[in-house]
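Chains, contacts and geometry: an overview
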Amino acid sequence: MTYNINDMGYYGEFGGAYIPEMLYPNVEELRSRYIAILEEPSFQQEFGQLLKEYVGRPTPLYFAKRFSEKYNTKIYLKREDLCHTGAHKINNTIGQILMAKRLKKTRIIAETGAGQHGVATATVCALMGMECIVYMGAIDIRRQAPNVARMKMLGARVIPATSGSKTLKDATNEAIRDWINNPVDTHYIIGSVVGPHPYPDMVARFQSVISQEIKQQLLEKEGRETPNYVVACVGGGSNAAGAYYEYLDNTQVGLIAVEAAGKGIDTGESAATSVLGKIGIIHGSKTLLMQTSDGQITEPYSISAGLDYPGVGPMHAHLFASGRGEFISITDDEAMLAGRELSELEGIIPAIETSHALAIFKQRSFKKEDVVVVNLSGRGDKDLATYIDYFNLK
Ligand SMILES: *Cc1c(COP(=O)(O)O)cnc(C)c1O
């Protein structure tokens, strides 16, 4: 029994590749080659070197003394906020650009909602001298001006998606259309553990460096590789997948997934997919997603742009359905207070996504001797305007 992916590309009943026939050759090329490429020593060598020298890995595993005292347990923070570009997303985009090079692709496309994945993609395209096209909803372009500027500064072309709700799912449709029209020279970099097989597995493998490092760092600090719990926020689920990866099949380690409740589960303005979602197909994968009774995807809401996604990846749907993962949802208000608390107690301003993970200590208690690792997925610089408005810090 494994909680990881099986040979058919499924986690339990979730996953697979539900794609239009026109997309089949692209996805099949990737599926048939990704494992062999990943396992090439030259790939491993180049990936490892870039993670070290460009991203700045290994990121520290920091014992948060004052935060631990406050909640009467041992809390370690895995500092993905210290990665180049400020979050874990770059681990995946570095991996995928190296994959694209080995597949002889010269052109990169991506879609982005909040712009964070677009920035991480534009960054690695600049690094490798590849053409970069980012699809983004016209409304999101207006809402996320700083990230649009970053992408342009990095040499990417940002193309607005003007159909439908003019947000992430429309940008995704545009990216898929582009890929169908450019099957030979283009690689599509997906930004989380979502999309058709093999994307969820490929992205989880690139992010698994997080838990590989946690094992080694805990061994040094605690004399054992396993914590009692690993905690991470879940949008699509990539930072959580990376932090859980090495522990998926070790049921001694509790896996805690934190979703955005938005204004509250029952308010109609939420992104808590495990509570509100049902089985359906999104982004080419069978998973849990928020939808109306006739199967239309509902518009999610969270104060944090990175958690504002109507589904979760298939790994997380399986962790939820099987009971292997413990799912907790946190409101906007709870997250904002936790973000401020970590700032004041530890001198670390977290991304609002991450603040959701930090907020669980008010809801759930741990034993004093428990070792709890929280994946600090990103830094709060990008969210300063939201913190300023919320706390009236002017
Ligand atoms: C994008 C993002 C997330 C959510 O994405 P996952 O794929 O669920 O990890 C979480 N935290 C930060 C800082 C992000 O930028």
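Fair warning: this is a prediction, and the values are worked out from it, not measured in the lab. (Residues numbered from 1 in each chain as written. Predicted model: local features only at pLDDT ≥ 70, side-chain atom pairs only at ≥ 80, totals over all residues. Heavy atoms only, no water.)

Examining the side chain of E341
- The topology assignment puts E341 in helix α14 (residues 332–346).
- Overall, E341 belongs to the buried group, its relative accessible area being 14%.
- Looking at E341, its side chain comes within polar contact range of the side chain of K362, at 3.3 Å.
- Excluding residues within four positions of it along the chain, E341 makes contact with F67, K70, Y71 and K362. (Helix = DSSP H or I, 4+ residues; strand = E, 2+ residues; numbered from the N terminus. Buried < 20%, exposed > 50% of the residue type's maximum accessible area, 1.4 Å probe, protein only. Polar contact = N/O pair within 3.5 Å; in protein donor to acceptor, adjacent residues only side chain to side chain. Contact = heavy atoms within 4.5 Å.)

Some thoughts on the site of the ligand
- Near the ligand lie 15 residues; those nearest to it are K89, S192, G235, G237 and S238.
- Between the ligand and H88 there is a distance of 3.0 Å, counted from an oxygen atom to a side-chain nitrogen or oxygen.
- In isolation the ligand offers 390 Å² of accessible surface; the protein chains occlude 97% of this area.
- Of the residues contributing to the shell around the ligand, the split by class is three nonpolar, 10 polar and two charged. (Near = heavy atom within 4 Å. Areas by Shrake-Rupley, 256 points an atom, 1.4 Å probe, with all protein chains shown as cover. Nonpolar A, V, L, I, M, F, W, Y, C, P; charged D, E, K, R; others polar.)

Describing unusual backbone geometry
- A cis geometry characterises the amide bond from R57 onward to P58, with omega recorded as 0°.
- Here P58 shows up in the loop between α2 (41–55) and β3 (61–63).
- Phi is positive for T85, close to 75°, though the residue is something other than glycine.
- With respect to the helices and strands, the residue T85 is situated in the loop between β4 (74–78) and α4 (89–102).

Let's talk about the state of the cysteines
- The full count for this structure, using the stated rule, is zero disulfides.
- Counting only cysteine sulfurs, C132 is the nearest neighbor of C125, a cysteine outside any disulfide, at a range of 3.7 Å. (Disulfide = S-S within 2.5 Å.)

Some points on the packing of aromatic side chains
- Applying the stated criterion across every chain, the model contains 15 aromatic pairs.
- Seen in terms of ring centroids, F43 and F47 are 6.0 Å apart; in terms of plane orientation they differ by 35°. Their pairing is tilted. Taken together, the residues span about one helical turn, with F43 and F47 both in helix α2 at a distance of four residues. F47 carries the same exposure label as F43, and that label is buried.
- Measuring from centroid to centroid gives 6.5 Å for Y387 and F391, while their planes differ by 15°, and the two rings are stacked. One end of the pair is Y387 and the other is F391, both in helix α16 (residues 384–391) and four residues apart, which spans about a single turn.
- A relative accessible area of 4% places Y387 in the buried class.
- The exposure class assigned to F391 is buried, which follows from its relative accessible area of 16%.
- Through a chain of ring-to-ring contacts, three or more aromatic side chains come together here, namely F67, Y71, Y229, F361 and F366.
- Positioned above the aromatic ring of Y3 is the side chain of R324, whose terminal nitrogen or guanidinium carbon lies 5.8 Å from the ring centre. (Phe/Tyr/Trp six-rings, centres within 6.5 Å; stacked < 30°, edge-to-face > 60°. Lys NZ or Arg CZ within 6 Å of the ring centre and 35° of its normal.)

With respect to the domain arrangement of the protein chain
- Split into domains, the protein chain comes out as domain 1 (11–51 + 89–202) and domain 2 (56–86 + 208–391).
- For domain 1 and domain 2, the distance between their C-alpha centroids amounts to 23 Å.
- On the domain 2 side, the residues contacting the 32 residues of domain 1 number 32 residues.
- The junction of domain 1 with domain 2 conceals about 2,600 Å² of combined surface from both sides, 66% of it contributed by carbon and sulfur atoms.
- In this structure, the connection of domain 1 to domain 2 is made through one salt bridge.
- In this structure, E299 engages K169 in a salt bridge whose closest nitrogen and oxygen atoms are separated by 3.3 Å.
- Inspection of the region where domain 1 meets domain 2 yields 10 residue pairs in polar contact (both at pLDDT 80 or more).
- Going through the elements one at a time, β2 (14–15), α4, α5 (116–128), α8 (168–181) and α9 (199–207) are the ones with two or more residues in the side of domain 1 that touches domain 2.
- With three residues, α8 is the single largest residue contributor to the side of domain 1 that touches domain 2.
- In terms of residue class, the side of domain 1 that touches domain 2 is made up of 15 nonpolar, 13 polar and four charged. (Domains from an automatic or database assignment. Buried area = accessible area lost by both parts, 1.4 Å probe. Salt bridge = Lys/Arg side-chain N within 4 Å of Asp/Glu carboxyl O.)

Points about the sheet that holds strand β7 (residues 157–161)
- With parallel pairing, four strands are arranged side by side in an open sheet as β7-β6-β5-β8. Two strands bound the open sheet, and with one partner strand each, they are β7 and β8 (186–188). Strand after strand, the sheet turns through a mean of 25° between neighbouring axes, direction not considered.
- Strand direction decides the pairing type here: strand β5 (residues 107–112) and β8, joined by three bridges, are parallel. Bridging across to β8, R107 finds its partner in T186. (Pairing = 2+ DSSP bridges. Axes fitted to C-alpha atoms, helices over the stretch in contact; angles between N-to-C directions.)

Notes on empty space enclosed by the protein
- Applying the stated criterion across every chain yields a total of one cavity of 30 Å³ or more.
- By volume, the largest cavity is sized at about 50 Å³.
- As for the largest cavity, its lining consists of N26, E29, L30, L103, K105, W179, P183, T186 and H187.
- Those elements that place two or more of their residues in the lining of the largest cavity are α1 (24–39) and β8.
- Residue contributions to the lining of the largest cavity peak at three residues, all from α1.
- Looking at the lining of the largest cavity residue by residue, the classes come out as four nonpolar, three polar and two charged. (1 Å grid on protein atoms, 1.4 Å probe; cavity = no way out; pocket = protein on both sides within 12 Å on 5 of 7 lines; lining within 4 Å. Points joined across faces, edges and corners; volume = space filled by probe spheres on them.)

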